[in-house]
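# A closer look at the structure
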Number of protein chains: 2
Amino acid sequence: MARINSSYRKLSAGYLFPEIGRRVMEFQKANPSIKILLLGIGNTTEPLTPAVMDGLREGVERLSAVETYTGYGDEQGEKELREGLARYYSSLGVDLEADELFISDGAKPDAGNIQSIFATDSTVAFQDPAYPVYVDSNVIAGRSGPYDPRRGNYAGFVYMPCSEMNGFIPEPPEETVDVIYLCSPNNPTGAVAGYRQLQKFVEYALEQKAVLIFDSAYAEFISDPALPRSIFEIEGAKKCAVEIGSFSKFAGFTGVRLGWTVLPKTLKIADSGPGEVHQCWLRRQTTLFNGASNIAQRGGIAVLSKQGLHECRKLIDFYMGNARIIKKGLLECGLTVYGGENAPYLWVKAPEKLTSWEFFDKLLQEAHVTGTPGSGFGPSGEGFLRLSAFGHRSNIIEAVQSIQAKLLL
Amino acid sequence: MARINSSYRKLSAGYLFPEIGRRVMEFQKANPSIKILLLGIGNTTEPLTPAVMDGLREGVERLSAVETYTGYGDEQGEKELREGLARYYSSLGVDLEADELFISDGAKPDAGNIQSIFATDSTVAFQDPAYPVYVDSNVIAGRSGPYDPRRGNYAGFVYMPCSEMNGFIPEPPEETVDVIYLCSPNNPTGAVAGYRQLQKFVEYALEQKAVLIFDSAYAEFISDPALPRSIFEIEGAKKCAVEIGSFSKFAGFTGVRLGWTVLPKTLKIADSGPGEVHQCWLRRQTTLFNGASNIAQRGGIAVLSKQGLHECRKLIDFYMGNARIIKKGLLECGLTVYGGENAPYLWVKAPEKLTSWEFFDKLLQEAHVTGTPGSGFGPSGEGFLRLSAFGHRSNIIEAVQSIQAKLLL
């Protein structure tokens, strides 16, 4: 008698983005003539850059000739791409060996799967709010108690509230935890952790023999040289941290699918032998994954070329221009807005003590603009809305003008 | 104190293919002038066909223009591709709705991840020998007891021996099990199950409320019209089976990465409500996966076009020509050879009662040809070697000639 993995039944409601989709579709059905302006989901909108296009074209053309055709590659990724990433890290002052880098089909699967290599009874801490994948993957793995709909959280998990009080960067937990997820630049708050703030987490992890899972998917959006782009810029982090990176927002690869995870060989947790955590991820990936698309990998190699980096950074500047337009426009309305300076996300405080979903509905109904309700990212996200700087410039301007003209404040 | 998921420590030795790689590399180091002929790993070698190339090119070019650029798509895959697959199944006489098809980055991840949606204390049955991912993913998920190196199996798992006695297609287990993995055409034995044989499994599953996980990755290699290509050709299967398919061997997409999994909405297991198993996989994929590459998906759509199918079937005919050459050559040597008729794998019995690894070493050392040791696929694979029909024609001929000339029998 086959039965369902009952952990799936613990998951609260639908995944955030499908729920938004349903509400938007409902509004559109009721108001078919209204143009809805999307400022919600963080999805890239601009075409790939010329050097990257050439890399992808080369990736495809290689498959048409017997001399250059390739089938299965190493599950861990092509050597050339791993070496390119090692050079990228070197430019941040971080020394990594190419085989400490594992290429994947994106940060989301890695962020979801990384928990697999840690004990099933681990105590896990999350920033609150946080990208839902961290929490949901640990619920599915059976690490949580039931969901409390009143509090909006799961029993057994440790939440680190990110609030206006702490500038949305929490202190390490007071409890003893085994695994800590951190994301900086943060999705959804747009907050970026400084050296000293990350250092505290590294010190905590070394002291408690905990492991940090650091999501750096938005690192390239940092322009302030005083802010760390990689957890490995912090001394000691190679002994206690894993880092997850992505080409999605870096190069517009949200649909192409390419990311990476760094597992230093020096990473050692309580009961592991030297290099065992690294080996464990290698075993996970060689068993349950078959490598990223060889076409996407050629694209990734092109991103990391001198010309590719130059072009992709211009693309990021463009999105950050959007962020500035949104921030300025909303501040002029008298709204309170965080983030959007070294991150593509803006964290907007709901006016009049509205809840996140009330503010979502208000923005949709009055200004025909969608955001992402902060409460969907965790209980401390309540009362906020995430706006995203990804979008065509004309749409961004139209959305901001619509908010300025129509939102009743 | 973070700790390792101890299930990883239960996994026996290295994954099969890396171990082969190590032995081959060792032999090559000791004999640098000898050319080693690979008949081992089932990796495609021939360039993609023209219609498929055009699909991939279109997939790339769409990313260069603002009008056609796409970022994140549905995690379940593009509608056009799902509809194309529904039409493909329709040509086999199987009616499926497009949203019962989930596009993935290949059969291997799906074969590894599908177990996630079933209870962690499920009793699982495997064909023995079998593709190692089925067993290993269930070990990682904690469903096994320890590995017994003497017997070559895991406590707690049910093995269904595939032997010369039963033509390598087992009867349903005598025990009560919850989940059964089946692969036909089979990797590694090359055996193909007939209607009546699959019917018995469907009857068992319906009676025991068990679920069948049917891996049809090699379905396109069936030329005999009397053999079923999909489990859903069997009456009742849509109530008890999941099917995993792949473009890897179908179209040469081993490196491009594209596959699918069918979860009928009518599939119902012991404790599930209507459609719940389907919903559970949807939740798994939307949470832990972010869709296959949009470029690969355009390629998949091209594969399923009339011209694409025509070309890909010619490519499969080519590989099956290889299979015939290998089978004929080895039979002439007096070896006993199974498979290779409606499947790209040949299952060669080791002469002189050698073990699989002894035969592997003998073939490598005497004829400089590599196979894949049958024992790597499970205890009943002992005494066999898997040969693969994937390869350039000239290499296949050279390997067969080398075996005929040099293997000491």
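Okay, so let's go over this structure. (Residues numbered from 1 in each chain as written. Chains lettered and ligands numbered in written order. Predicted model: local features only at pLDDT ≥ 70, side-chain atom pairs only at ≥ 80, totals over all residues. Heavy atoms only, no water.)

This next bit is on unusual backbone geometry. In this chain, D128(A) is followed by P129(A) through a cis amide linkage whose omega measures 5°. Residue position: P129(A) is located in the loop between β3 (124-128) and α6 (132-140). Here the bond from N187(A) into P188(A) is cis, since omega is 20°, no more than 30 degrees from zero. Phi angles above zero are rare outside glycine, and F168(B) is one such case at about 70°. By secondary structure assignment, the location of F168(B) is in the loop between β6 (158-161) and β7 (179-183). Unusually for a residue other than glycine, K353(B) sits at a positive phi of about 55°. If you trace the backbone, K353(B) turns up in the loop between β12 (345-349) and α12 (356-367). For K353(B), a relative accessible area of 82% puts it in the exposed group. (Helix = DSSP H or I, 4+ residues; strand = E, 2+ residues; numbered from the N terminus. Buried < 20%, exposed > 50% of the residue type's maximum accessible area, 1.4 Å probe, protein only.)

So, about the pattern of salt bridges. Scanning all chains against the criterion turns up 52 salt bridges over all chains. In this structure, R23(A) engages E19(A) in a salt bridge whose closest nitrogen and oxygen atoms are separated by 3.3 Å. With R23(A) and E19(A) both in helix α2 (residues 16-30) and 4 residues apart, the pair spans about one turn of that helix. You can call R23(A) partly exposed: its relative accessible area is 28%. Taking relative accessible area as the criterion, E19(A) reaches 24% and is therefore assigned partly exposed. Its salt-bridge partner being K328(B), residue E332(B) comes within 3.1 Å of it at the nearest N-O pair. You can see E332(B) and its partner K328(B) sitting in helix α11 (residues 306-332), 4 residues apart, about one turn around the helix. The exposure class of E332(B) is exposed, given its relative accessible area of 51%. A residue is classified by how much of its surface remains accessible, and K328(B), at 55% relative accessible area, is exposed. Linked by salt bridges that have partners in common, E58(A), R62(A), E78(A), E80(A) and R298(A) make up one network. (Salt bridge = Lys/Arg side-chain N within 4 Å of Asp/Glu carboxyl O.)

To continue, consider the sheet that holds strand β3 (residues 124-128) of chain B. Residues and elements named next belong to chain B. In space, the 7 strands of this open sheet follow the order β2-β10-β9-β8-β7-β3-β6, with mixed pairing throughout. Both outer strands of the open sheet, β2 (101-104) and β6, are each paired with one neighbouring strand and no more. Shown here is a sheet whose adjacent strand axes are inclined to one another by a mean of 20°, direction ignored. Packed onto the sheet, helix α4 (residues 79-91) meets β2, β9 (241-246) and β10 (259-262) and runs at close to 120° relative to β2. (Pairing = 2+ DSSP bridges. Axes fitted to C-alpha atoms, helices over the stretch in contact; angles between N-to-C directions. Contact = heavy atoms within 4.5 Å.)

For the rest of this paragraph, the subject is helix α11 (residues 306-332) of chain A. With 27 residues, α11(A) should cover 39 Å at 1.5 Å per step; its first-to-last C-alpha distance of 39 Å lies within 8% of that length. Taken from the residues just after α11(A), G334(A) is the one with a positive phi, measuring 95°. (Expected span 1.5 Å × (residues − 1).)

On the side of chain A, 80 residues touch chain B, which itself brings 81 residues to the contact. Of the roughly 6700 Å² buried between chain B and chain A, counting both surfaces, carbon and sulfur atoms make up 55%. When the area that chain B buries against chain A is broken down by residue, the three leading residues are R3(B), Y72(B) and R283(B), summing to 11%. The interface formed by chain B and chain A includes 12 salt bridges. The residue E61(A) makes a salt bridge to R57(B) at a minimum N-O spacing of 2.6 Å. For the interface between chain B and chain A, the tally reads 50 residue pairs in polar contact (both at pLDDT 80 or more). Elements that contribute at least two residues to the side of chain B that touches chain A include exactly α1 (7-10), α3 (50-61), α5 (107-113), α6 (132-140), α8 (248-251), α9 (276-288) and α10 (294-303) of chain B. Partitioning the side of chain B that touches chain A into residue classes produces 35 nonpolar, 28 polar and 18 charged. (Buried area = accessible area lost by both parts, 1.4 Å probe. Polar contact = N/O pair within 3.5 Å; in protein donor to acceptor, adjacent residues only side chain to side chain. Nonpolar A, V, L, I, M, F, W, Y, C, P; charged D, E, K, R; others polar.)

Attention now moves to the state of the cysteines. Formally, a disulfide is one covalent bond, and it connects the sulfur atom of one cysteine to the sulfur atom of another. Per the stated rule, a full pass over the model turns up 0 disulfides over all chains. Of all cysteine sulfurs, the one in C240(A) lies closest to C280(A), which takes part in no disulfide; the gap is 18 Å. The structure places no disulfide on C312(B), whose sulfur is separated from the nearest cysteine sulfur, that of C183(B), by 20 Å. Overall, C312(B) belongs to the buried group, its relative accessible area being 0%. (Disulfide = S-S within 2.5 Å.)

This part takes up the relation of the copies chain B and chain A. Under the fitted operation, chain B is carried onto chain A by 0.0 Å of movement along the axis and a turn of 180°, and the coordinates agree to an RMSD of 0.0 Å. Taken together, the turn and the small shift mark the pair as related by a two-fold rotation axis. In this assembly, 99% of the residues forming the interface of chain B have copies in chain A that are likewise at the interface, indicating an isologous arrangement. (Least-squares fit on C-alpha atoms with pLDDT ≥ 70 in both.)

The next subject is the packing of aromatic side chains. For any pair of aromatic rings, geometry is given as the distance between the ring centres together with the angle between the planes. With the rule as written, the count across this model stands at 50 aromatic pairs over all chains. With a centroid separation of 5.1 Å and an interplanar angle of 70°, the aromatic rings of W357(B) and F360(B) are classed as edge-to-face. With W357(B) and F360(B) both in helix α12 and 3 residues apart, this pair spans about one turn of that helix. Counting every residue linked through ring pairs, the aromatic cluster contains F126(A), Y131(A), Y134(A), Y147(A), Y154(A), F157(A), Y159(A) and Y181(A). Across the ring face of F102(A), the terminal group of R82(A) is positioned such that the distance to the ring centre comes to 5.7 Å. (Phe/Tyr/Trp six-rings, centres within 6.5 Å; stacked < 30°, edge-to-face > 60°. Lys NZ or Arg CZ within 6 Å of the ring centre and 35° of its normal.)

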